[in-house]
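# Tertiary structure, described
Chain by chain, the residues:
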Amino acid sequence: VVTRKDGNGNVIGSDIADSNGDYSVTPSTPLVDGTVVKATAVDAGGNVGPSTTTVVDAPAPSDPTIDDVAGGVTPITGEADAGSIVTLKDSNGNVIGSDIADSSGAYSVTPSTPLAAGTVVKATATDPVTGAVSAPVTEVVDTVAPTAPTVTPVTGGTDPITGTAEPGSVVT
């Protein structure tokens, strides 16, 4: 019989190893990231073997996205895994706000105080069950209007109108 316990000694479950020595224990509730799991085998004679431990390394949610940040108290939006908790922080680690991504993965956080141009916004997504956290992603508050786009000479007809503009800006 192989018994699995968490780091606090609570039994997660047990199973009898098959003829190949394989066993499987399915936790009744998800194990939180960082939980210590201990396995101990006891043979039919009641002899207890040495224990083995491992640490749960739950997969983190996908990295969230941050849409362009306009500054002020305009909502900051983006996408993350549905149901994950998205937390936004500034470059000093101060929490700007958090939201739970809806069923389509969308989130929206409205800063309680205006964000100045150049403020770095860092977003992470946390799995509410396992506690696993995504890698952080950042976006810089941009409150400066782009410079005028350039337009190459237009020859008429249906030839495309081309030029250059601030990367990511929409030219109309």
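Heads up: these notes are all about the structure in this document. (Residues numbered from 1 in each chain as written. Predicted model: local features only at pLDDT ≥ 70, side-chain atom pairs only at ≥ 80, totals over all residues. Heavy atoms only, no water.)

In this model, the largest pocket occupies a volume close to 200 Å³. What lines the largest pocket is a set of 13 residues, among which Asp68, Asp142, Glu166, Gly168 and Ser169 lie closest to the centre. Across the lining of the largest pocket, the residue classes tally to seven nonpolar, two polar and four charged. (1 Å grid on protein atoms, 1.4 Å probe; cavity = no way out; pocket = protein on both sides within 12 Å on 5 of 7 lines; lining within 4 Å. Points joined across faces, edges and corners; volume = space filled by probe spheres on them. Nonpolar A, V, L, I, M, F, W, Y, C, P; charged D, E, K, R; others polar.)

This next bit is on the sheet that holds strand β6 (residues 85-89). In spatial order, the strands read β7-β6-β9-β10; together these four strands make up an open sheet with antiparallel pairing. Either end of the sheet is taken by a strand with one partner, and the two such strands are β7 (95-100) and β10 (137-140). Strand-to-strand, the axes of this sheet are offset by a mean angle of 20 degrees, without reference to chain direction. Bridge analysis of β6 against β7 gives five bridges, and the strand direction is antiparallel. If you follow Ile85 over to β7, its bridge partner there is Ile100. (Pairing = 2+ DSSP bridges. Helix = DSSP H or I, 4+ residues; strand = E, 2+ residues; numbered from the N terminus. Axes fitted to C-alpha atoms, helices over the stretch in contact; angles between N-to-C directions.)

For Asp6, the position within the fold is in strand β1 (residues 2-6). For the buried residue Asp6, which engages in no salt bridge, the nearest side chain bearing the opposite charge is Lys5, 8.8 Å off. A polar side-chain atom of Asp6 sits 2.9 Å from the main-chain amide nitrogen of Asn8. Among residues more than four places away in sequence, those in contact with Asp6 are Ile12, Thr35 and Val36. (Buried < 20%, exposed > 50% of the residue type's maximum accessible area, 1.4 Å probe, protein only. Lys, Arg positive; Asp, Glu negative; His and termini not counted. Salt bridge = Lys/Arg side-chain N within 4 Å of Asp/Glu carboxyl O. Polar contact = N/O pair within 3.5 Å; in protein donor to acceptor, adjacent residues only side chain to side chain. Contact = heavy atoms within 4.5 Å.)

Moving on to the sheet that holds β1. With respect to topology, four strands assemble into an open sheet ordered β2-β1-β3-β4, the strand pairing being antiparallel. In this open sheet, the two strands that pair with only one neighbour each are β2 (11-15) and β4 (52-55). Strand-to-strand twist of the sheet, defined as the mean angle between neighbouring strand axes without regard to direction, takes the value 20 degrees.

The next point concerns the pairing of β2. Each regular strand displays side chains that alternate between the two surfaces of the sheet. The sheet contact formed by β1 and β2 spans four bridges and is antiparallel. In the strand pairing of β2, Lys5 is matched with Val11. Linking two consecutive strands that pair antiparallel, namely β1 and β2, is a turn of four residues; a positive phi of about 90 degrees is found at Gly9 within it.

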